[in-house]
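# Structural description and commentary
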Amino acid sequence: MPTPSRATGSRTASAVGPADPSWAGLYRLGGLSAALFVLLVVIPVTLVFAAPAPPVDGRALLPYIAAHKTVYLIELVCFVGLSVPALVVFTAVSVALKDASRSMAAVGGLIGVASEVIALALGSSPQSLHGGLVVLSNSYAAARTDAERAGIVSAADALIAATNAVSWAGILTATGILLLSLAMRKGSFGRAVPVLGVLTGALGIVSEALRPMIGPAYLVYGLLLPAWFALAGWNLHGLGRRGTP
């Protein structure tokens, strides 16, 4: 008859064993979604070389959008749209960790998914990316009087201020990454992903909370974020392949 300590050790070993292979399809989808997330980050970053960054002043931004409308719309769609694959990645990682650290995985996954739903609902992203600004840019170009233009600029400044303010969606995303990465220490994601994730999550919470004040320093978190998604996605892809009959 096994002793209590041996029985406990057996249960612990089982709890941190391989991810449930019955979810192999979700793991593979999570891997593909992570690759799409990285692509949607790379495209607008590459476009920085095709056009300058959008201004943060309404009077300058409205003509900028008219002159660079294609680039602006691509950046807007990419930065808002990346929340969709992120939803799948957070869900897949949470399920993959359900036997490693059930509570941490559930809470981390829930926060991560909620953050992306909020981001999609907002439909905007710093720097000064908002669909309403495209409409205001068209109105500004069609305005005939200085009074009309002044009113449109005031509306644009209000949207810019709301868009570039501290985002709870961003803070929650970083929190979800932090919690899931802490859960990964007992899971099937190796050592690099949880270490990178803890660093990314902790730095992300601070960076998002202080975003209006830290300026270019935000770029550090901006680089770590897609790196974590890439590594997490690669591991999900591996779990999916191992779980395929």
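Computed from a predicted structure; not experimentally measured.

### Some words on the environment of W23
Turning to its location among the elements, W23 is positioned in the loop between helix 1 (4-15) and helix 2 (24-47). Exposure remark for W23: the relative accessible area of 36% places this residue in the partly exposed category. For the pair W23 and R144, spaced 121 residues apart in the sequence, the C-alpha separation amounts to 60 Å. Ignoring any residue separated from it by four or fewer positions in sequence, one finds W23 in contact with V95 and K98.

### With respect to the nonpolar core
Most often, soluble globular proteins keep nonpolar side chains buried together rather than apart. With 35 residues, the main nonpolar core has V93, L97, F189, W228, F229 and L236 as its most contacted residues. The set of elements that each furnish at least two residues to this core consists of helix 2, helix 5 (83-96), helix 9 (168-184), helix 10 (192-209) and helix 12 (218-242). Considering each element in turn, this core owes the most residues, nine residues, to helix 12. Residues contacting F189, with those up to four places away along its chain left out, are V93, A96, L97, M184, P194, A232, N235, L236 and L239. Of all hydrophobic cores here, the second largest spans 20 residues; its members include Y72, Y140, I152 and I160.

### A few points about the packing of helix 2 against helix 12
The geometry of helix 2 relative to helix 12 is characterised by a closest axis approach of 7 Å and an angle of 155 degrees between their N-to-C directions. One element, helix 2, and the other, helix 12, form an angle in the roughly antiparallel class. In the crossing of helix 2 with helix 12, the sense of the turn from one axis to the other is left-handed. Within the contact between the two elements, helix 2 uses A24, Y27, R28, G30, G31, A34, F37, V38 and V41 and helix 12 uses L225, P226, F229, A230, G233, L236, H237, L239, G240 and R241. A class-by-class count of the residues in the contact of helix 2 with helix 12 yields 12 nonpolar, five polar and two charged.

### A word on the environment of S101
Tracing the backbone shows S101 in the loop between helix 5 and helix 6 (102-122). Residue S101 is classed as buried on the basis of its relative accessible area, which comes to 18%. A sequence separation of 81 residues divides S101 from L182, and the C-alpha atoms of the two residues are 8.9 Å apart.

### What to know about the packing of aromatic side chains
Per the stated rule, a full pass over the model turns up five aromatic pairs. Ring plane angle 35 degrees and centroid distance 6.3 Å describe the contact between F90 and W228, whose orientation is recorded as tilted. A residue pair is termed long-range when its members are at least 10 positions apart, and F90 in helix 5 and W228 in helix 12 qualify at 138 residues. Residue classification places W228 among the buried positions, given a relative accessible area of 0%. For the ring pair F90 and F229, a centre distance of 5.8 Å and an interplane angle of 75 degrees mean the geometry is edge-to-face. Within this pair, whereas F90 is found in helix 5, its partner F229 is found in helix 12, the two being separated by 139 residues in sequence. We note that F90, like F229, is buried. Grouped by ring-pair contacts, the aromatic residues F37, F90, W228 and F229 constitute a single cluster. If you follow R211 out to its NZ or CZ, it ends over the ring of Y218, 3.8 Å from the centre.

Procedures and definitions
- Residues numbered from 1 in each chain as written.
- Predicted model: local features only at pLDDT ≥ 70, side-chain atom pairs only at ≥ 80, totals over all residues.
- Heavy atoms only, no water.
- Helix = DSSP H or I, 4+ residues; strand = E, 2+ residues; numbered from the N terminus.
- Buried < 20%, exposed > 50% of the residue type's maximum accessible area, 1.4 Å probe, protein only.
- Contact = heavy atoms within 4.5 Å.
- Core = buried A, V, L, I, M, F, W, Y, C linked by side-chain atoms within 4.5 Å.
- Axes fitted to C-alpha atoms, helices over the stretch in contact; angles between N-to-C directions.
- Parallel < 35°, antiparallel > 145°, perpendicular 65-115°, else oblique.
- Left-handed = near helix turned anticlockwise from the far one by under 90°.
- Nonpolar A, V, L, I, M, F, W, Y, C, P; charged D, E, K, R; others polar.
- Phe/Tyr/Trp six-rings, centres within 6.5 Å; stacked < 30°, edge-to-face > 60°.
- Lys NZ or Arg CZ within 6 Å of the ring centre and 35° of its normal.

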